[in-house]
Amino acid sequence: MAYWFCVKHHAVESGPDVCPPIDRLGPYDTEADAAHALEKAEQRNEDWDNDPSWND
C-alpha cells in the first residue's frame, strides 16, 4: 500500500480517495514516512541551498 501527504489538508492519505497530485507529496512506503513528508522536504531544500557545487 502507498501513502501520500496532502499539503492542502495536512493529512496522510491512502487508498482510492486521495487528493489530486497537485496537492500531495509521495508516494511513501509507510504511513510514518508520509507523516514526515514536510520535514523531509524542508531538509532537502536546506541541503540544496547549502550545496557547495551550486554557485548562485
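The rules behind the values
Residues numbered from 1 in each chain as written. Predicted model: local features only at pLDDT ≥ 70, side-chain atom pairs only at ≥ 80, totals over all residues. Heavy atoms only, no water. Core = buried A, V, L, I, M, F, W, Y, C linked by side-chain atoms within 4.5 Å. Buried < 20%, exposed > 50% of the residue type's maximum accessible area, 1.4 Å probe, protein only. Contact = heavy atoms within 4.5 Å. Helix = DSSP H or I, 4+ residues; strand = E, 2+ residues; numbered from the N terminus. Pairing = 2+ DSSP bridges. Axes fitted to C-alpha atoms, helices over the stretch in contact; angles between N-to-C directions.

Peer 1: Explain the nonpolar core to me, please; I cannot follow it from the model alone.
Peer 2: Grouped burial of nonpolar side chains is what soluble globular proteins tend to show. Among the nonpolar cores identified, the biggest contains five residues, and these are Tyr-3, Phe-5, Tyr-28, Ala-34 and Ala-37. Look past the residues within four positions of Ala-37 in its chain and what remains in contact with it is Phe-5, Leu-25 and Tyr-28.

Peer 1: Just checking my understanding: could you explain unusual backbone geometry for this structure?
Peer 2: With the exception of glycine, the majority of residues adopt a negative phi angle, and the majority of peptide bonds are in the trans configuration. For the bond from Gly-26 to Pro-27, the omega torsion is 15°, close enough to zero to count as cis. Mapped onto the elements of the fold, Pro-27 is located in strand β3 (residues 24-28). Within the chain, His-10 stands out as a residue other than glycine whose phi angle is a positive 50°. The topology assignment puts His-10 in the loop between β1 (3-6) and β2 (11-14).

Peer 1: Just checking my understanding: could you explain the sheet that holds β3 for this structure?
Peer 2: Backbone-to-backbone hydrogen bonds join strands into a sheet, with any given pair of strands oriented parallel or antiparallel. Here we have three strands laid out as an open sheet, ordered β2-β1-β3, and antiparallel in their pairing. The sheet terminates laterally at β2 and β3, the two strands that pair on one side only. Averaged over all neighbouring strand pairs, the angle between strand axes comes to 25°, with direction disregarded. In the sheet, β1 pairs with β2 via four bridges, with the strands oriented antiparallel. Residue pairing for β2: Phe-5 is matched across the bridge by Val-12.

Peer 1: How should the environment of Pro-20 be read in this particular structure?
Peer 2: Considering the arrangement of structural elements, one finds Pro-20 in the loop between β2 and β3. Residues Pro-20 and Cys-6, 14 residues apart in the sequence, show an inter-C-alpha distance of 8.8 Å.

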